[in-house]
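# Topology and contacts: notes
What follows is the residue order along each chain.
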Amino acid sequence: MCVGLPAKVVRAKDGTAIVDATGAKREISTELLADVNPGDYVMVHAGMAIAKITADDAEETRRIMEDI
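All residue numbers here refer to positions counted from 1 along the written sequence of the relevant chain. With the structure being a predicted model, the display of local features is reserved for residues of pLDDT at least 70 and the display and counting of side-chain atom pairs for 80 or more, all residues being used for whole-chain, interface and lining totals. Just so you know, side-chain values use all the structure's heavy atoms and leave hydrogens and water out.

## Examining the pattern of salt bridges
Condition: Salt bridges are counted wherever a side-chain nitrogen of Lys or Arg sits within 4 Å of a carboxyl oxygen of Asp or Glu. By definition, any uninterrupted DSSP run of H or I lasting at least four residues is a helix, any uninterrupted run of E lasting at least two residues is a strand, and each is numbered from the N terminus.
Tallied over the full model, the rule gives 4 salt bridges. Ionic pairing is found between Glu 59 and Arg 62, a salt bridge with its closest N-O pair at 3.8 Å. Within this pair, Glu 59 and its partner Arg 62 are both found in helix 1 (residues 55-67), separated by 3 residues, close to a single helical turn. Two residues, Glu 59 and Arg 63, come together in a salt bridge whose shortest N-O distance is 3.9 Å.

Printed below as a string of structure tokens:
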């Protein structure tokens, strides 16, 4: 099973982004997605943004992960 974690994009440039994932900032690849901008939420797996998601989706995922 693969687990993706939600993160908020802080900065985006040239196929990479700095994201905030529950307080931890890290650099990820955004090569799989078009048009990623600061303020967007993305699902991150293995250092890559694999999908854009809504803020509501990100919050729901965080709540579920806390319950686990």
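## Topic: unusual backbone geometry
Phi at Asp 14 takes a positive value of approximately 50 degrees, unusual for a residue other than glycine. Tracing the sequence through the fold places Asp 14 in the loop between strand 1 (5-13) and strand 2 (16-21). Look at Asp 35: it is not a glycine, yet its phi comes out positive at around 60 degrees.

## What to know about the environment of Glu 27
What counts here: Residues count as neighbours in contact if any of their non-hydrogen atoms are within 4.5 Å of one another.
Topologically, Glu 27 is positioned in strand 3 (residues 24-29). Considering only alpha carbons, one finds Glu 27 and Met 48, 21 residues apart in sequence, at a separation of 9.0 Å. Setting aside its immediate chain neighbours within four residues, Glu 27 contacts Thr 16, Ala 17 and Ile 18.

## Here we look at the pairing of strand 2
For the record, the criterion: Criterion used throughout: strands pair if DSSP finds at least two bridges between them.
In this structure, strand 1 lies alongside strand 2, joined through 5 bridges in antiparallel fashion. Note that in strand 2 the partner of Lys 8 across the bridge is Asp 20. The hairpin turn running from strand 1 into strand 2, its antiparallel successor, is 2 residues long, and Asp 14 in that turn takes a positive phi close to 50 degrees. Of the strand pairs in this sheet, strand 2 and strand 3 are connected by 6 bridges, and their pairing is antiparallel.

## Topic: the nonpolar core
Going by this rule: Note on terminology: a nonpolar core comprises buried Ala, Val, Leu, Ile, Met, Phe, Trp, Tyr and Cys residues joined through side-chain atoms within 4.5 Å. When accessible area is computed with a 1.4 Å probe and restricted to protein chains, residues below 20% of their type maximum are described as buried, those above 50% as exposed, and intermediate ones as partly exposed.
Ala 7, Val 9, Ala 17, Val 19, Ala 21, Ile 28, Leu 33, Val 36, Val 42, Val 44 and Ala 49 form the largest nonpolar core, which has 11 residues in total. Looking at this core, the elements with two or more residues in it are strand 1, strand 2 and strand 4 (41-45). For this core, the leading source of residues is strand 2, giving 3 residues. The contact partners of Ala 17, leaving out residues within four places of it in the chain, are Val 9, Arg 11, Ala 12, Arg 26, Glu 27, Ile 28 and Thr 30.

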